[in-house]
Amino acid sequence: IVTSTLIVFSLIITYLLYLFYKNEAIVQLKNIVNIVMDQNYTYEELNTKLKENINYDVRLTIILENGEVVYDNYRDATELSNHANREEMIEAIKNN
């Protein structure tokens, strides 16, 4: 009985944490979109603003529909190749 109770308790806690982090991720993504849509930032300002508003260690790459990488928070975007032929880009464009 104790083992079953611990398993059920663990599952409940895991599910609650999942819901919490899922909601946090949605909030983070909305913040990112709002920041990126404000096109008045220089690259440096955008980088600073995004770092101030992202609470997780995530990689953010902004890619135009033609595959050009215009922002990356881990690497200089000018050093990155065009992403137009990448499978995930083709899928994203196909599915809007």
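Residues numbered from 1 in each chain as written. Predicted model: local features only at pLDDT ≥ 70, side-chain atom pairs only at ≥ 80, totals over all residues. Heavy atoms only, no water.

### Some thoughts on the overall build of the protein
Thought 1: Counting secondary structure elements, the protein contains three helices and two strands.
Thought 2: When the elements of the protein are put in sequence order from the N terminus, they spell out α-α-β-β-α.
Thought 3: On C-alpha atoms alone, the protein measures out to a radius of gyration of 19 Å, which is more than a quarter above the 12 Å that the 2.2 N^0.38 rule sets for 96 residues.
Thought 4: Considering only C-alpha atoms, the protein reaches an extent of 60 × 30 × 25 Å along its principal axes.
Thought 5: Of all 96 residues assigned to the protein, the portion counted as buried reaches 19%.
Thought 6: By sequence separation, contacts in the protein at least 24 residues apart represent 29% of the contacts at least 6 residues apart. (Helix = DSSP H or I, 4+ residues; strand = E, 2+ residues; numbered from the N terminus. Rg over C-alpha atoms; globule rule 2.2 N^0.38 Å. Buried < 20%, exposed > 50% of the residue type's maximum accessible area, 1.4 Å probe, protein only. Contact = heavy atoms within 4.5 Å.)

### Concerning the environment of Leu 19
Thought 1: Its location among the elements puts Leu 19 in helix H1 (residues 2-37).
Thought 2: Taking the C-alpha atoms as reference points, Leu 19 and Glu 91, separated by 72 residues in sequence, lie 27 Å from one another.

### Quick look at the environment of Thr 61
Thought 1: Take Thr 61: it is sitting in strand E1 (residues 61-63).
Thought 2: Setting aside chain neighbours within four positions, we find Thr 61 in contact with Val 69, Tyr 71 and Asp 72.

### Some words on the confidence of the model for the protein
Thought 1: Predicted confidence across the protein gives a mean pLDDT of 85, with 98% of residues reaching 70 or more.
Thought 2: The secondary-structure element of the protein with the lowest mean pLDDT is helix H2 (residues 43-53), recorded at 80, while helix H3 (residues 87-94) shows the highest, at 88. (pLDDT = per-residue confidence, 0-100.)

### Re the pattern of salt bridges
Thought 1: Applying the stated criterion to the full structure yields two salt bridges.
Thought 2: For the salt bridge of Arg 59 with Asp 72, the shortest nitrogen-to-oxygen distance reads 3.0 Å. Note that Arg 59 is positioned in the loop between H2 and E1 and Asp 72 in strand E2 (residues 69-72), a separation of 13 residues in sequence.
Thought 3: With relative accessibility at 46%, the residue Arg 59 sits in the partly exposed group.
Thought 4: Asp 72 gets classed as buried once you look at its relative accessible area, which sits at 2%.
Thought 5: With a closest N to O distance of 3.9 Å, Arg 86 and Glu 88 form a salt bridge.
Thought 6: Relative accessible area serves as the criterion here: at 38%, Arg 86 is assigned to the partly exposed category. (Salt bridge = Lys/Arg side-chain N within 4 Å of Asp/Glu carboxyl O.)

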